[in-house]
Amino acid sequence: GVYMNPTIFFSVCSIIYCILLFVVFKMENNKKNDTNSMFKFLLISNFLGLILEVIVSLVFGVHYENYKYILNILIRLIPLYHMIWMAGFIIYIMLVSSSNGKISKKIRIIVWAIVSLLCVIDFFLPFNVKLKNDVLMYSYGLSVNFVFIYCLAGYIISLFIMFKNINTLNKHKYAPLFALI
């Protein structure tokens, strides 16, 4: 029989949840502002990242050797997606934490410039894949470790921003973020 990576089911469930969350967001929130735009970016990028993971697992991951070259390119996009999503999350935290729901364009450019540089660096770091019965199970190596450290640093930065402003802002803004923690 065909063996499949069992974690694919989490990604499929997450896609369904992401779609539902986007529908609720569109129904409940028609305001045009920076915070909502960044939240929308996070939802859409999350959805696209999940689709990428499902494609890698279902379409190409079942017979790794047959699709090795295209799969290696797609696998490289997944850590980049995580890095881009984390940058968007940090900007979202900055927006939620600001008193007027805005941050300067200069700060956004700096964040995206740093992330772009880090994405280029990560793209050229070595990575390996773990196979089981010619099925892609996971990737590992310096590239993956770099993304883990980057995302951990992103969460620490986000927590710092949140706790720095917790007493001055309305706490209900942070409720979904504390649920994430």
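Residues numbered from 1 in each chain as written. Predicted model: local features only at pLDDT ≥ 70, side-chain atom pairs only at ≥ 80, totals over all residues. Heavy atoms only, no water.

Novice: Account for the nonpolar core, naming residues and giving values.
Specialist: Core analysis: the biggest nonpolar cluster contains 24 residues, and Met 83, Met 86, Phe 89, Ile 91, Val 115 and Tyr 150 have the highest contact counts within it. Here this core gets 13 residues from one element, more than from any other, and that element is helix α3 (residues 68-97). (Core = buried A, V, L, I, M, F, W, Y, C linked by side-chain atoms within 4.5 Å. Buried < 20%, exposed > 50% of the residue type's maximum accessible area, 1.4 Å probe, protein only. Helix = DSSP H or I, 4+ residues; strand = E, 2+ residues; numbered from the N terminus.)

Novice: Go over the environment of Met 86, please, and point to the residues and values.
Specialist: Inspection of the secondary structure puts Met 86 in helix α3. Placed 68 residues apart in sequence, Met 86 and Gly 154 show a C-alpha to C-alpha distance of 6.4 Å. Not counting residues within four places of it along the chain, the set of residues in contact with Met 86 comprises Tyr 150, Cys 151, Gly 154 and Tyr 155. (Contact = heavy atoms within 4.5 Å.)

Novice: Tell me about the pairing of strand β2 (residues 135-140), and name the residues and values.
Specialist: Bridging between strand β1 (residues 128-132) and β2 involves five bridges; their strand directions are antiparallel. When the bridges of β2 are listed, Lys 130 appears paired with Tyr 138. Remark: two residues form the turn of the hairpin made by β1 and β2, two consecutive strands paired antiparallel; Asn 133 in that turn has positive phi of roughly 55 degrees. (Pairing = 2+ DSSP bridges.)

Novice: I'd like a description of the packing of α3 against helix α4 (residues 105-123), backed by residues and values.
Specialist: Remark: α3 packs on α4, axes separated minimally by 10 Å, with the N-to-C direction vectors making an angle of 160 degrees. Classified by the interaxial angle, the pair formed by α3 and α4 is roughly antiparallel. α3 and α4 meet at a crossing whose hand is right-handed. Two secondary-structure elements touch here, α3 through Arg 76, Pro 79, Leu 80, Met 83, Ile 84, Ala 87, Gly 88, Ile 91, Met 94 and Leu 95 and α4 through Ile 107, Arg 108, Val 111, Trp 112, Val 115, Leu 118, Cys 119, Asp 122 and Phe 123. (Axes fitted to C-alpha atoms, helices over the stretch in contact; angles between N-to-C directions. Parallel < 35°, antiparallel > 145°, perpendicular 65-115°, else oblique. Left-handed = near helix turned anticlockwise from the far one by under 90°.)

Novice: With reference to specific residues and values, describe α3.
Specialist: Taking 1.5 Å of rise per residue, the 30 residues of α3 would be expected to cover 44 Å, and the 44 Å separating its terminal C-alpha atoms lies within 8% of that figure. Across the 30 residues that make up α3, a large majority, 22, are buried. (Expected span 1.5 Å × (residues − 1).)

Novice: Any chance you could break down the confidence of the model for the chain for me, citing the residues and the numbers?
Specialist: On average, residues of the chain score 80 in pLDDT, and 82% of them are at 70 or above. Element-level pLDDT for the chain is lowest in helix α6 (residues 175-180), with a mean of 62, against a maximum mean of 93 in α4. (pLDDT = per-residue confidence, 0-100.)

Novice: Describe the packing of aromatic side chains, with residues and values.
Specialist: In this structure the tally under the stated criterion is five aromatic pairs. On the numbers, 5.2 Å between centres and 15 degrees between planes, the contact of Trp 85 with Phe 89 is stacked. One end of the pair is Trp 85 and the other is Phe 89, both in helix α3 and four residues apart, which spans about a single turn. Each of the two residues, Trp 85 as well as Phe 89, counts as buried. The ring of Phe 123 has Arg 76 lying over it, and the distance from NZ or CZ to the ring centre is 5.6 Å. (Phe/Tyr/Trp six-rings, centres within 6.5 Å; stacked < 30°, edge-to-face > 60°. Lys NZ or Arg CZ within 6 Å of the ring centre and 35° of its normal.)

Novice: Please provide a residue-by-residue account of a nonpolar patch on the surface, values included.
Specialist: A cluster of nonpolar side chains, namely Ile 51, Ile 55, Leu 58 and Val 59, defines an oily patch on the protein surface of about 290 Å² accessible area. The topology assignment puts Ile 51 in helix α2 (residues 34-60). For Ile 51, a relative accessible area of 30% puts it in the partly exposed group. (Patch = residues over 30% accessible without salt bridge, like charges linked within 9 Å, V, L, I, M, F, W, Y side chains within 5 Å. Areas by Shrake-Rupley, 256 points an atom, 1.4 Å probe, with all protein chains shown as cover. Salt bridge = Lys/Arg side-chain N within 4 Å of Asp/Glu carboxyl O.)

Novice: I'd love a proper account of the pattern of salt bridges, names of residues and values included.
Specialist: Applying the stated criterion across every chain yields a total of two salt bridges. With its nearest N and O atoms 3.9 Å apart, the salt bridge here joins Lys 102 to Asp 34. Note that Lys 102 is positioned in the loop between α3 and α4 and Asp 34 in helix α2, a separation of 68 residues in sequence. Across the pair Arg 108 and Asp 34 runs a salt bridge whose closest N-O atoms are separated by 3.3 Å. With a gap of 74 residues between them, Arg 108 in helix α4 and Asp 34 in helix α2 connect regions that are remote in the sequence. Of the residues examined, Arg 108 reaches a relative accessible area of 21% and is grouped as partly exposed. We classify Asp 34 as partly exposed; its relative accessible area is 24%. Shared partners join several salt bridges into a network, and the residues in it are Asp 34, Lys 102 and Arg 108.

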